[in-house]
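# Structure assessment
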Amino acid sequence: WDAAWLGAVQRRSLDDDLVGRARAMAVERMAVRRGGSAGRWGLVVGVLAFFYAEGAAEITTSRPFLIDSQVADMQWVNNTKAGAKPNAKTVFVRSMRGSIYRSTDDGMNWVSQRDKMTDDDGSEPFQTRVSVMLFSQADAKYAVMKGYGENNWFTKDQGDTYAKHSFGVMSEIKMHPTRPEVLLASKYEGSFPNRYMSLFISEDLGASWKKIVKNVFQFEWGDPAVKGFSDKTILACVRKADTTPKNAFSDWDPNIDFVVSHDYFKTSDIKVLHGNRFAFHDPYYFVAAMNPLEELEVILHVSPDKGATFQRAQFPYQLSERSYRVVDSKEDSVFVQVAHGSRDTSFANVYMSGPSGREYTLSLRGVVKDYRGLTDFERINGVDGVYVANVADQAAEPEMSLLGGLQAVIFSNHLEDGMIPTRSLISFDKGALWKPIKAPTHDHKGNSIDVCEGCSLHLNGKTSGMLGPVYSSVSSTGLIIATGNVGHHLHERADETNTYFSRDAGQTWEQIKKGSYIYEYGDHGALMVLADNRQATRKLMYSWNEGLNWTDFTFWDHDIEVENIITEPSGNSQIFVIYGRRGDKGVVMQINFETLHERRCEGINAAGGEGSDYEFWTPADSIRKGSCLMGRKVTYTRRKRAVQCFNGWDFDRKEARASCECTRADFECDFGYQLAGEGEDKQTCLRVPDMPVAGFGAPEDCAAYFTVSRGYRRVPGDTCVGGDVSGKLDPLVQSCPGFGWTSMVMLTAVVSLGAVLAWVTYARRKDQGLAAPWSSKADLLDFFHSGARGFGPLGSSFSHTRYTGLADGPDMDDDDLGLGDDDDEAQVLGESLHEYALGVTPSPSSSFHPPPIIHDLLDLEANPSGTLPPLPASAPPRPSAPLPSLDPPPPGRK
């Protein structure tokens, strides 16, 4: 009886298999039927336990856990404990006061780590506060808790135990990507105003440290997988030795370089001269270098291979570049926000690169940013090529209010109710073309929405403070949720801000709730959870059908100010952690939906059928016909909206891909081009005004062919094929100067001529009764010699040919193919060619008469326009280059 009842009661404690145990015990009690009161009591208890377990199929919550202040950071780590479930997570929380809390059961129970991290020496509370939590990428068991003071804590067992080490106040700590016990750390040395930062290394998880370089400003481990790198590679910005630091630490300094070391700074090499700052966005590395000619300007350098090589980024406008921010670096390209002026505090242009990350075209002007560096430019996760951004509406009249004006002046806030209104745009082709977001036609109750003329949907971004931003998840394909309003511009009026949802990657939208909420997905998007984030609440709402219906759930008897709802990073779980504050305390609770539904979704292999819980969905853009996005048709398998079932954490989403025919939507403006302005075709790319011509011809290292842009390029990551538009928009392919079809024709002509001459020479030898040239090596050599000597007699026999006197031309053995010191002969040759192209009779001083077809091709290749440039007064000297030799090297050379 105790076992049956205990099993049913424990069903509420999140153990997935206790329901089955309770049922089994109840059935066993029923089967025993031993008679008498004991048997009857056992039967009754078993039946009660069975139905109690059935009734326990509801949402379960943990006991509210109070912490000393608000949550500042929350990290989920794979649980490495023996017997842990495959998806189990250990969760760490850092409070605003620097206290650490840990849960080993996905947030169900929490334990303060202070007792493990303090000594019995009566340490001051400040000495036990943590500023940063670091977790190893190499081994989930290793972590570092960096303190505000001189103490730092290190664990090798996910927080079961900690080792405290003191080595002064560390400025920053970096864990090695593959060796969990190896650390880099920086700290200040020297006295003010001559303080500097030194870099230290520890190979025993913080127990001991060794200085490896001083005057370092920023540092990071190199990726050992990069060719030429090792597990000792370090990338850093370091000031040159024996140079004077600038007065302000944050100023750009021409004496700082971006360097790489492969031996813990026993030696180092400069990668980017004057490189003062860097940022890593895998696989691209970015370095901002000071312009030594203009102190307030910076130059961006990009590495597409994780730091192996760097090239200067090229932007299409001759404007000063004051700061950069990489806003996205996925799908084989980079979006960079560039501030061109010192007063660009609220808006900046966003540029998009090609696959190399080097050449940038303007994607969007005036994208909203704030003083924290946050940007309203959001990639939609789970699908390719979809982005949402908020931009300044420069054409609109400023809406100036007293409060807004004060905010604009004090906080440099030039948004709605301040100075410059903003609006939301969406792109389905990776930033090549943007358009307003289509407004929903009905509210959350099904009533029609009267959409004003020229109005659209505007969504809050990361800069909108407490309002919910645009949110999507990789595991929730096609689903987007955000707060915003319908109108001409984005604003924060509470009576018009609502929560909106799209299940087709932004093509269409619907209002799912009145007001602003905080939200989260779970179970691969099958579960949605909302909570009011504008006033204290004790309730949340959840939906198993993507917002068609909502159910209220009271998670506590007291109201709290909800700050966030979060699940483990993959978004596959049905377990959430909700946190907020009550008074001056923080509150953390687990909300578990695993006990709410027992039926698992079925029929994934029969998706689309009536008996399946799954459907097919193919995203599409709004420009082309058919279901294509980024040049391909991708069909995803996902749960139907209205079914009541769960996917499970191990759900494996199926997808099928096929290439589409190319259309205009698969192209963007190439480097040096931009979309046409007002009055022109908005999809036409025109040359940027005053764009330098340099860089648009054949490259210096041209090999065989090079391309000439028509003003368009494929959107990076686009996989379209064929189509009529490709021949009109793809770049032209031209031969490199001195190569290609011209050179091939010349080579073919020369080889053919040699073959003809050799055959004629052979025929003459045969008529004269001489031996065949291949009878011996000596005869073969004599054959070639006689063939060469036979040019004169052969020429006299065929005096009408244009090759008369070829052996009497410049001495081809004097230097490198006659292009060295024989300036006079080269000049004569040049004049002869030029005159021949103009149809002038060759000069008697030169007996060289090239065939017309070969010469015409030479001239066209040197000048594809067909017009000849004026002949220089004298041919410039050309440096000689040694020819490759087949002779053995002299002694001592290899």
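Analysis parameters
- All chains use their own residue numbering, which begins from 1 and follows the written sequence.
- The predicted origin of the model limits local features to residues at a pLDDT of at least 70 and limits the giving and counting of side-chain atom pairs to 80 or more, whereas totals for whole chains, interfaces and linings rest on all residues.
- The side-chain numbers reported here are obtained from all heavy atoms of the structure, hydrogens and water having been left aside.
- Helix and strand labels come from DSSP, where a helix needs a run of H or I of at least four residues and a strand needs a run of E of at least two; each type is numbered from the N terminus.
- Using a 1.4 Å probe on the protein chains alone, a residue whose accessible area is under 20% of its type maximum counts as buried, one over 50% counts as exposed, and one in between counts as partly exposed.
- Throughout, a residue-residue contact means that at least one pair of heavy atoms, one from each residue, lies within 4.5 Å.
- Working definition of accessibility: Shrake-Rupley area with a 1.4 Å probe, residue cover restricted to the visible protein chains.
- Whether two strands pair comes down to DSSP finding at least two bridges between them.
- The disulfide criterion is simple: two cysteine sulfur atoms within 2.5 Å.
- The salt bridge definition used is simple: a Lys or Arg side-chain nitrogen within 4 Å of an Asp or Glu carboxyl oxygen.
- Note on geometry: axes are lines fitted to C-alpha atoms, helical ones only across the stretch in contact, with angles between N-to-C directions running from 0 to 180 degrees.
- Only protein atoms enter the 1 Å grid used here, on which a cavity is any set of points holding a 1.4 Å probe that cannot leave and a pocket is any open set flanked by protein within 12 Å on both sides along at least five of seven lines; residues with an atom within 4 Å of a point are listed as lining.
- Grid points are joined across faces, edges and corners, and a volume is the space filled by probe spheres set on the points.
- The residue classification treats Ala, Val, Leu, Ile, Met, Phe, Trp, Tyr, Cys and Pro as nonpolar and Asp, Glu, Lys and Arg as charged. All others, Gly included, are polar.
- Aromatic rings from Phe, Tyr and Trp, taking only the six-membered ring of Trp, are treated as a pair when their centres fall within 6.5 Å; an angle between ring planes under 30 degrees marks them as stacked, one over 60 as edge-to-face, and anything in between as tilted.
- Working definition of a nonpolar core: buried Ala, Val, Leu, Ile, Met, Phe, Trp, Tyr and Cys residues. They are joined through side-chain atoms within 4.5 Å.
- Any pair of N or O atoms that falls within 3.5 Å is considered a polar contact. Within protein, one atom must be able to donate a hydrogen and the other to accept it, and sequence-neighbouring residues count only if both atoms are side-chain atoms.
- On a range of 0 to 100, pLDDT expresses the predictor's confidence in each residue.
- Here the term patch refers to residues with relative accessible area over 30% and no salt bridge, with like charges joined within 9 Å and nonpolar side chains (Val, Leu, Ile, Met, Phe, Trp, Tyr) within 5 Å.
- In this tally, Asp and Glu contribute negative charge and Lys and Arg positive charge; neither His nor the terminal groups of the chain are included.
- Where a charge sits is defined by one atom per residue type, namely NZ (Lys), CZ (Arg), CG (Asp) or CD (Glu).

## Examining the overall build of the protein
What the protein contains, in helices and strands, is eleven helices and 50 strands. Classification of the 894 residues of the protein by burial places 46% in the buried group. In the protein, of all internal contacts separated by at least 6 residues, the share reaching a separation of at least 24 is 53%. Here the protein displays about 45600 Å² of accessible surface, and carbon together with sulfur accounts for 54% of that area.

## Observations regarding the pairing of strand β16 (residues 234-239)
With six of its six residues buried, β16 lies for the most part within the structure. Burial of the side chains of β16 extends over both faces: I234, A236 and V238 are buried on one face and L235, C237 and R239 on the other. Of the pairings in the sheet, the one linking strand β15 (residues 216-221) to β16 comprises five bridges and is antiparallel in character. Counterpart to Q218 in the pairing with β16 is C237. Here β16 pairs with strand β17 (residues 256-261) via six bridges, running antiparallel. Residue pairing in the sheet places L235 in a bridge with V260 of β17.

## As for the state of the cysteines
Scanning all chains against the criterion turns up five disulfides. Each sulfur of the disulfide joining C601 and C645 lies 2.0 Å from the other. Handedness here is read from the sign of the S-S torsion; for C601 and C645, about 95 degrees, the answer is right-handed. Of this pair, C601 sits in the loop between β41 (585-592) and β42 (614-617) while C645 sits in the loop between β43 (632-639) and β44 (655-659), placing them 44 residues apart in sequence.

## Some thoughts on the pattern of salt bridges
By the definition in use, this model includes 32 salt bridges. Measuring nitrogen to oxygen at the nearest pair gives 2.6 Å for the salt bridge that ties D257 to K240. Of the two residues, D257 sits in strand β17 while K240 sits in the loop between β16 and β17, which places them 17 residues apart along the sequence. Look at the salt bridges and you will find they share partners, linking D384, R632, E655 and R657 into a network.

## What to know about the sheet that holds strand β36 (residues 527-532)
Judged by pairing direction, the sheet is antiparallel, and its four strands sit side by side in the order β35-β36-β37-β38 without closing on themselves. Bordering the open sheet on either side are β35 (517-522) and β38 (551-554), each of which pairs with just one other strand. Averaged over all neighbouring strand pairs, the angle between strand axes comes to 25 degrees, with direction disregarded. Relative to β38, strand β37 (residues 539-543) runs antiparallel, the two being bridged by four bridges. By the bridge assignment for β38, Y542 is matched with T551.

## Here we look at empty space enclosed by the protein
Scanning the model with the defined rule gives four cavities of 30 Å³ or more in all. What the largest cavity holds in volume is close to 90 Å³. The wall of the largest cavity is formed by S476, T477, L479, H524, G525, A526, E546, R638, R639, N647, F651 and R653. For the lining of the largest cavity, the per-class residue count stands at three nonpolar, five polar and four charged. Estimated volume of the second largest cavity: approximately 80 Å³. In terms of lining, the second largest cavity is formed by 13 residues, of which the most central are D376, E378, V388, G461 and V470. Here the lining of the second largest cavity is built from residues that sort into six nonpolar, four polar and three charged.

## Considerations on the packing of aromatic side chains
Under the criterion given, the structure shown has 23 aromatic pairs. Measuring from centroid to centroid gives 5.1 Å for F92 and F135, while their planes differ by 50 degrees, and the two rings are tilted. Here F92 is found in strand β4 (residues 89-95), whereas its partner F135 is found in strand β7 (residues 130-135), with 43 residues between them in sequence. For F92, a relative accessible area of 0% gives the class buried. Centre to centre, the rings of F335 and Y387 are 4.9 Å apart; their planes meet at 55 degrees, and the pair counts as tilted. Of the two residues, F335 is situated in strand β24 (residues 335-339) and Y387 in strand β28 (residues 387-392); the sequence distance between them amounts to 52 residues. For F335, a relative accessible area of 0% puts it in the buried group. Taken together, F258, F278, F280, Y285 and F310 form an aromatic cluster joined through their ring pairs.

## Let's talk about the environment of G107
In this structure, G107 sits in the loop between β5 (100-103) and β6 (111-112). As for G107 and F65, which are separated by 42 residues in sequence, their C-alpha atoms are 9.8 Å apart. Not counting the four nearest positions on each side in its chain, G107 is found in contact with S62, V91, V577 and Q590.

## So, the nonpolar core
In terms of nonpolar packing, the biggest core is built from 33 residues, with L459 and I481 touching the most fellow members. Among the elements of the structure, β31 (456-459), β32 (480-487), β33 (498-502), β35, β36 and β43 are those that each provide at least two residues to this core.

## Thoughts on unusual backbone geometry
The linkage connecting D282 with the following residue, P283, adopts the cis geometry, with an omega of 5 degrees. Inspection of the secondary structure puts P283 in the loop between β19 (275-281) and β20 (284-291). Of note, the phi angle at H274 is positive, near 65 degrees, even though the residue is not glycine. As for its placement among the helices and strands, H274 is situated in the loop between β18 (269-272) and β19.

## Concerning the sheet that holds β5
As a general point, the strands of a sheet are linked pairwise by backbone hydrogen bonds and lie either parallel or antiparallel. Spatial ordering of the open sheet is given by β3-β4-β5-β6, a layout of four strands whose pairing is antiparallel. With partners counted over all chains shown, the strands left at the sheet margins are β3 (71-78) and β6, one partner each. Pairing of β5 with β6, which is carried by two bridges, proceeds in the antiparallel orientation. Counterpart to Y101 in the pairing with β6 is S112.

## Here's the deal with the environment of K156
Within the element layout of this structure, K156 appears in the loop between β9 (151-155) and β10 (163-166). The sequence separation of K156 and S136 amounts to 20 residues, and the corresponding C-alpha distance is 9.9 Å. If we ignore the near neighbours within four places in the chain, the residues touching K156 are K141, Y142, E181 and L205. Within the local environment of K156, its side chain forms a polar contact with the side chain of E181, the two groups lying 3.3 Å apart.

## Quick word on the confidence of the model for the protein
The pLDDT averaged across the protein works out to 77; a share of 70% of its residues lies at or above 70. Taken as a whole, residues 43-56 scores under 50 in pLDDT and shows 24 contacts with residues more than four places along the chain or in a different chain. Contacts from residues 786-894, a stretch scored under 50 in pLDDT, to residues over four places away or in other chains number 78 contacts.

## Regarding the environment of R372
Inspection of the secondary structure puts R372 in the loop between β26 (360-368) and β27 (377-379). Residue class for R372 comes out partly exposed when judged on its relative accessible area of 46%. Not counting the four nearest positions on each side in its chain, R372 is found in contact with K462 and T463.

## Side note on a positive patch on the surface
On the surface, R97, R114, R129 and K585 cluster together into a patch of positive charge. Mapped onto the elements of the fold, R129 is located in the loop between α4 (114-117) and β7.

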